[in-house]
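# Residue-level structure breakdown
Chain by chain, the residues run as shown.
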Amino acid sequence: FPVERIRNFSIIAHIDHGKSTLADRLLEITGAIVTTEKNKQVLDKLQVERERGITVKAQTASLFYTHKGHRYLLNLIDTPGHVDFSYEVSRSISACQGVLLIVDANQGIQAQTVANFYLAFEAGLTIIPVINKIDLKNADPERVEAQIEKVFDIPREECIRISAKLGTNVDRVLQEVVERVPAPTASKDDVFKALVFDSGFDHYRGVVANVAVFGGRVRKGDRIASAFLGKSYEVQELGLLRPHEQPTDGLYAGQVGYMVAGMKDVKEAQIGDTLYHQQHPVDALPGFKPAKAMVFAGMYPMDQSEYTGLRSAIDKLTLNDSSVTVQKDSSMALGAGWRLGFLGLLHMEVFNQRLEQEYNANVVVTAPTVPYKARLSSARLIKEHGSEEITIVNPAQFPERSVVSEYLEPMVVGTILTPDTFTGQIMSLCLNRRATQENMLYIDEHRVMMKYIFPLNEIVVDFYDLLKSLSSGYASFDYENAGYQAADLIKMDILLNGKSVEELTMIVHRQRAYSMGKAMCERLKGSIPRQMFEIAVQAAIGSKVIARETIKPFRKNVLAKCYGGDITRKLKLLKRQAEGKKKMRRIGNIDVPKDAFINVLKRT
Ligand code: GTP
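The chain carries the name GTP binding elongation factor GUF1 in an unreviewed UniProt entry, which gives Gadus morhua as its organism. Taken verbatim from the UniProt record of the chain, the Subcellular location (unreviewed entry) comment is "Mitochondrion inner membrane". Per UniProt, the chain carries the Function (unreviewed entry) text "Promotes mitochondrial protein synthesis. May act as a fidelity factor of the translation reaction, by catalyzing a one-codon backward translocation of tRNAs on improperly translocated ribosomes. Binds to mitochondrial ribosomes in a GTP-dependent manner."

In this model, the chain carries an average pLDDT of 84, and 85% of its residues clear a pLDDT of 70 or more. When pLDDT is averaged over each helix and strand of the chain, the minimum, 50, is found for helix α2 (residues 47-52) and the maximum, 98, for strand β6 (residues 160-161). Note that pLDDT drops below 50 for residues 52-58; the model gives that stretch 38 contacts with residues more than four away or on any other chain.

For the rest of this paragraph, the subject is the pairing of strand β8 (residues 206-215). By the criterion of burial, β8 is predominantly enclosed, with 9 of the 10 residues buried. Sheet analysis places strand β7 (residues 193-202) next to β8, joined by 9 bridges and oriented antiparallel. Its bridge partner being in β8, Ser 199 is matched across the sheet by Ala 209. Counting the residues between successive antiparallel strands, the hairpin from β7 to β8 contains 3 residues. Strand direction decides the pairing type here: β8 and strand β15 (residues 256-260), joined by 5 bridges, are antiparallel. Looking at β15, one finds that Val 211 is bridged to Gly 257.

One pass over the full model with this rule turns up 6 cavities of 30 Å³ or more. Of the pockets and cavities examined, the second largest cavity occupies roughly 80 Å³. Forming the walls of the second largest cavity are Tyr 300, Asp 329, Ser 331, Arg 339, Thr 366, Ala 367, Asn 394, Pro 395, Ala 396, Glu 502, Glu 503 and Thr 505.

Take the nonpolar core next. One finds Phe 351, Leu 355, Ile 416, Phe 454 and Phe 463 to be the most contacted residues of the largest nonpolar core, which totals 54 residues. The element best represented in this core is helix α7 (residues 307-320), accounting for 5 residues. Residues contacting Phe 454, with those up to four places away along its chain left out, are Pro 410, Met 411, Val 412, Gly 414, Ile 416, Cys 430, Arg 433, Ala 435, Ile 459, Phe 463 and Phe 477. If you look at the next biggest cluster of nonpolar residues, it comprises 31 residues, including Ile 109, Phe 117, Phe 197 and Ala 212.

Where helix α1 (residues 19-29) meets helix α6 (residues 170-180), the axes come as close as 10 Å, and the angle between the chain directions of the two elements is 80°. Relative to α6, the element α1 is oriented roughly perpendicular. In this structure, α1 contributes Leu 22, Arg 25, Leu 26 and Ile 29 to the contact, and α6 contributes Val 170, Asp 171 and Leu 174. Grouping the constituent residues of the contact of α1 with α6 by class yields 5 nonpolar, no polar and 2 charged.

Conventions used here
Residues numbered from 1 in each chain as written. Predicted model: local features only at pLDDT ≥ 70, side-chain atom pairs only at ≥ 80, totals over all residues. Heavy atoms only, no water. UniProt positions renumbered as here; feature names shortened; annotations may be inferred. pLDDT = per-residue confidence, 0-100. Helix = DSSP H or I, 4+ residues; strand = E, 2+ residues; numbered from the N terminus. Contact = heavy atoms within 4.5 Å. Buried < 20%, exposed > 50% of the residue type's maximum accessible area, 1.4 Å probe, protein only. Pairing = 2+ DSSP bridges. 1 Å grid on protein atoms, 1.4 Å probe; cavity = no way out; pocket = protein on both sides within 12 Å on 5 of 7 lines; lining within 4 Å. Points joined across faces, edges and corners; volume = space filled by probe spheres on them. Core = buried A, V, L, I, M, F, W, Y, C linked by side-chain atoms within 4.5 Å. Axes fitted to C-alpha atoms, helices over the stretch in contact; angles between N-to-C directions. Parallel < 35°, antiparallel > 145°, perpendicular 65-115°, else oblique. Nonpolar A, V, L, I, M, F, W, Y, C, P; charged D, E, K, R; others polar.

In structure tokens, the structure reads:
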């Protein structure tokens, strides 16, 4: 395929603005899939995606399209829409020359529209704004076009109005991709060079890498090597993604496809790595900025006998999602496990759900925490750590005030877009979360864009849910990292019957300690079931108890209620109790539900 007839593009949008629906339509009109009700949103392959209706993992499809008598190869790279997955967006973008920026004709520009726009803009890509859902009764494409002009400085004439649902104007989108997006600059005559931009693991074939060929060509049977590890492989299978794998004899400059090369170890296909012919080494392509984990949590098998199984499941999933960091960890109560780093809380929940659904793993996840830093004052400790500044990803390892000159917490710049009727409430929510306002801009008569600097830990767990509920779902939020700031932090312990439970230890701002301690105790009381004995739930700072709740014991045996001979009822009760137990983790002599560790942090 001549390079000048290739277009690599991706679709970016705020969640629910219709990216997957448009992708489906593009696949249909190019004949890659047959139209039926059943194959709606074929690009969203994972079970969690289908359940949650969000795209987690970028998927890729190659489409053939004829324009003015010429056949074109259009490579569509799907991207996820949620804040936590912007890493995947930047990854997809590096294999593209253009993007379709979708905006809902009713909702207008939202927080992730802004974030995604800047990712594409900074990468120097051609941006084609697409106003979707013009079939809706409340659609107001004129207003949205004015917003696009005001916020992104793109002339309104460049917007394409479509209905992805009905197919209106979708063909025009493909024409504009061909006409406006430049062809990749790769040449077939160069030496072979390809970028690994995604990879997955297949039980039978091992690692399946998604590659974008930046130069030359590669064929089945070629010997290739990777720049990162320098190991060499024989190409066993390669082809296009349409979106289902379609084997071909070779992949050529400008093409995007998949490759299987006998990589058995999950660590062999690094995302961002460069592949080349073994006998013609090349300079590595600029890879990706490694994603920075912003939320850390302990993960432990429900039972230590499941340790090995869980380890291999985590290994395989992290290949599929290289933005997760993994470190061995162990805890008194939960035994051997890992401390994992995620981009955000949803990212962590999705990872956990995938472990359970795709690998049948049974996991206890501890309270998430953000990466704090401390500047050490003790010369001995500085020597021991090899630096003055240390990062703390496990609250149990928080150094004492006496050896520290300063604690630091990670900050983010948050962008909120909202109808102006909610501005007041949102401002007080933000103040409550120790935020400071940077600026505020009306993007049209009724909608406001606000920027705030937040401590990350104040938004990581439940900020998004609260923002959504107080604005009846109308406000949207996205954030990016903004470095570290000094903060008055202290460690808060949670005690069950006088014993500190390391997994519930938290780092909090002094100003918030009392209210957090009280809320933690109340929520724990709500989530730990009654047991045979009384349980005292306490929050303490050092040796000082700042809050307490009591969980009363059972009055009588649960079965005592079932007098008479109703044996089936008795069995049912016992069964239900046993099922409940399975989801419990014993800490000391107390049964704690495995989701209590996360639920205690959610302020609803
Ligand atoms: P994520 O993958 O979660 O980011 O969402 P998305 O952007 O892929 O959105 P999706 O395609 O799942 O569409 C979201 C909702 O909008 C679905 O219920 C679609 O049926 C609906 N939708 C998409 N396009 C249109 C359209 O043109 N008109 C109308 N009326 N509804 C649409």
